[in-house]
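Letter by letter, the chains look like this.
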Amino acid sequence: MIPPEAVRAVRDAPSVVVLTGAGVSAESGVPTFRDAARGLWAKYDPTRLATPEAFEADPELVSRWYDWRRERVAACAPNPGHHASAEMERWLTSMRRGFTLLTQNVDRLHHAAGSRAIVELHGSIWIWRCLGCGTEREDRSMPFAEYPPRCADCGGIRRPGVVWFGEALPHAALDAAERAMRGCGIFLSVGTSSLVYPAAGYARQAHARGIPTLEINAEPTPISPMVTWSIQGKSGEVLPELLRLAMEA
Ligand code: BV8
Ligand code: ZN
């Protein structure tokens, strides 16, 4: 049940910020970060694989893991949660209201669903960067010819364009998120365990600024007791319903 006040807050806010996590892509079949250690990767801890140290120690192993995740994501399509985010952006923008999508997800399914105002806080597994010459480009070729993949320009080793644990988030992403947070009238946290910082800090920041906060997640998280409204449910069901009610209100 979506509280009517939450619906009105979305309808009346001068701008909306939505933060998404792996839970939004889960219904598309993308393993959440913690699920990404199933099967042949079960013996690895993702938070230890997704680090500069792991890549430094074994670039072949880590690039194979990312290639496996790319293959998994390539087989997935956006779900109603992604589509509702894109439609909410179009609807609010058509009424000259602000909308920013902050995503922790690296799969680019929000892009595939038509979202535009996206801030990729943790980069993307489709972007690969050469450690030799710095060339960074989207690479959807699969599987890689060799591990780690090499740079066509200089032969250097390429790494995934994601933010690893212990790495700073891109300045551009942090700046864009800060700008979006300043003007927002409601902050939505969707499909994230709210454990990873600094992304998990935005809900707290909104709350501290007196901005109404709405959480949609399959299970309670550390921000559930704090937010204005916490809805336990699937993003692919709750987001479309929230949008429908807000558009009708
Ligand atoms: C930083 C990209 C500082 C990579 C990711 C010790 C050493 C170093 C750093 C730290 C440390 N201790 C703490 C830190 C900080 C650290 C951190 O927060 N750690 C946590 C674990 C405590 N943060 C960092 O390191 C960040 N950088 O602090 O840098 C710095 C500053 C200046 C200069 C130098 C350094 C970088 C963090 C980014 C890490 N990269 N991803 C890759 O993907 O390979 S994070 C990765 O894990 C994902 O992107 C995701 O955001 C996150 C969590 O993964 P999941 O659990 O899968 O997803 P999520 O949490 O979203 O949970 C899914 C939720 O959905 C669940 O609650 C589930 O119930 C729900 N759900 C499931 N299905 C549905 C659903 N909900 C709704 N509907 C459904 N259908
Ligand atoms: Zn290069």
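Note: the structure precedes this text.
Caption draft 1: The arrangement of the overall build of the chain in detail. Summing up its helical and strand segments, the chain has 10 helices and nine strands in all. For the chain, whose C-alpha radius of gyration is 18 Å, the value lies close to the compact-globule estimate of 18 Å for 249 residues. Judged by the C-alpha coordinates and their principal axes, the chain covers about 55 × 35 × 30 Å. Per-residue burial for the chain yields a buried fraction of 54% across its 249 residues. For the chain, restricting intrachain contacts to residue pairs at least 6 apart in sequence, the fraction spanning at least 24 positions comes to 68%. Summing over all exposed atoms, the chain offers an accessible surface of approximately 11100 Å²; the carbon and sulfur share of this is 53%. One way to put it: in the chain the 27 positive side-chain charges average out to a point 2 Å from where the 28 negative ones average out.

Caption draft 2: Structural view of the site of ligand 1. Taken together, 34 residues lie around ligand 1, and Phe33, Arg34, Tyr66, Ser193 and Tyr197 are the ones closest in. Between ligand 1 and Ala22, the relevant distance is 3.1 Å, taken from an oxygen atom to a main-chain nitrogen or oxygen of the residue. Between ligand 1 and the protein, one listed contact pairs a nitrogen atom with a side-chain N or O atom of Glu27 at 2.7 Å. Calculation on ligand 1 without its partners gives an accessible area of 1500 Å², and the protein chains cover 72% of this total. Because more than half of its atoms lie within 2 Å of the grid, ligand 1 is assigned to the largest pocket.

Caption draft 3: Here's a closer look at the coordination of the zinc ion (ligand 2). The zinc ion (ligand 2) binds to the protein through Cys130 (SG), Cys133 (SG), Cys151 (SG) and Cys154 (SG), with metal-donor distances spanning 2.2 to 2.3 Å. Around the zinc ion (ligand 2), the four donor atoms sit at angles spanning 97 to 117°, and that spread fits a shape best called tetrahedral. Spacing between the donor residues of the zinc ion (ligand 2) along their common chain follows C-x2-C-x17-C-x2-C. Among the residues examined, Cys151 registers a relative accessible area of 6% and is labelled buried.

Caption draft 4: Seen up close, the sheet that holds strand β1 (residues 15-20). The strand order β3-β2-β1-β7-β8-β9 describes an open sheet built from six strands, whose pairing is parallel. Lying at the two open borders of the sheet, with one neighbouring strand each, are β3 (118-120) and β9 (229-232). Averaged over all adjacent pairs, the angle separating strand axes in this sheet is 15°, with direction ignored. Both β1 and strand β7 (residues 186-190) contribute to a ladder of five bridges, which runs parallel. Across the sheet, the residue bridging to Val18 is Leu188, located in β7.

Caption draft 5: Structural view of the layout of surface pockets. By volume, the largest pocket is sized at about 880 Å³. In terms of lining residues, the largest pocket is bounded by 41 residues, among which Gly21, Ala22, Phe33, Arg34 and Asn105 are the most central. Broken down by secondary-structure element, the contributors of at least two residues to the lining of the largest pocket are α2 (22-26) and α5 (59-74). Looking at the second largest pocket, its volume works out to about 190 Å³. In terms of lining residues, the second largest pocket is bounded by 14 residues, among which Gly123, Arg129, Glu136, Gly161 and Pro170 are the most central. When residues of the lining of the second largest pocket are traced back to their parent elements, those giving at least two are β4 (123-130) and β6 (158-162). Sorting elements by how many residues they give to the lining of the second largest pocket places β4 first, with four residues.

Caption draft 6: The pairing of β9, seen in detail. What you see with β9 is a clean split: Trp229 and Ile231 sit on the buried side and Ser230 and Gln232 on the side with no burial. Relative to β9, strand β8 (residues 213-217) is paired through four bridges, and the arrangement is parallel. Residue pairing for β9: Glu215 is matched across the bridge by Ser230.

Caption draft 7: Structural view of helix α10 (residues 235-248). Taking 1.5 Å per residue as the helical rise, α10 with its 14 residues ought to reach 20 Å, and the 19 Å between its terminal C-alpha atoms agrees with that figure. Buried residues along α10 sit against α1 (4-12), α2, α6 (80-94), β7, β8 and β9.

Caption draft 8: Geometry of the sheet that holds β4. Strand order in the open sheet formed by three strands is β5-β4-β6, with antiparallel pairing between adjacent strands. The open sheet has two free edges, formed respectively by β5 (136-138) and β6, since each of these has just one partner strand. Put simply, the sheet's adjacent strands are angled 40° from each other on average, direction ignored. Pairing analysis gives three bridges linking β4 to β5, with the strands arranged antiparallel. In the sheet register, Arg129 faces β5, and the bridge partner there is Glu136. Strands β4 and β6 of the sheet are contacted by α5, whose axis makes an angle of about 140° with β4.

How each quantity is defined
- Residues numbered from 1 in each chain as written.
- Chains lettered and ligands numbered in written order.
- Predicted model: local features only at pLDDT ≥ 70, side-chain atom pairs only at ≥ 80, totals over all residues.
- Heavy atoms only, no water.
- Helix = DSSP H or I, 4+ residues; strand = E, 2+ residues; numbered from the N terminus.
- Rg over C-alpha atoms; globule rule 2.2 N^0.38 Å.
- Buried < 20%, exposed > 50% of the residue type's maximum accessible area, 1.4 Å probe, protein only.
- Contact = heavy atoms within 4.5 Å.
- Areas by Shrake-Rupley, 256 points an atom, 1.4 Å probe, with all protein chains shown as cover.
- Lys, Arg positive; Asp, Glu negative; His and termini not counted.
- Charge placed at Lys NZ, Arg CZ, Asp CG, Glu CD.
- Near = heavy atom within 4 Å.
- Polar contact = N/O pair within 3.5 Å; in protein donor to acceptor, adjacent residues only side chain to side chain.
- 1 Å grid on protein atoms, 1.4 Å probe; cavity = no way out; pocket = protein on both sides within 12 Å on 5 of 7 lines; lining within 4 Å.
- Sits in = over half its atoms within 2 Å of the grid points.
- Donors = N, O, S within 2.8 Å, 3.2 Å for Na, K, Ca; no water.
- Tetrahedral: all angles 85-135°; square planar, octahedral: opposite > 155°, others 65-115°.
- Pairing = 2+ DSSP bridges.
- Axes fitted to C-alpha atoms, helices over the stretch in contact; angles between N-to-C directions.
- Points joined across faces, edges and corners; volume = space filled by probe spheres on them.
- Expected span 1.5 Å × (residues − 1).

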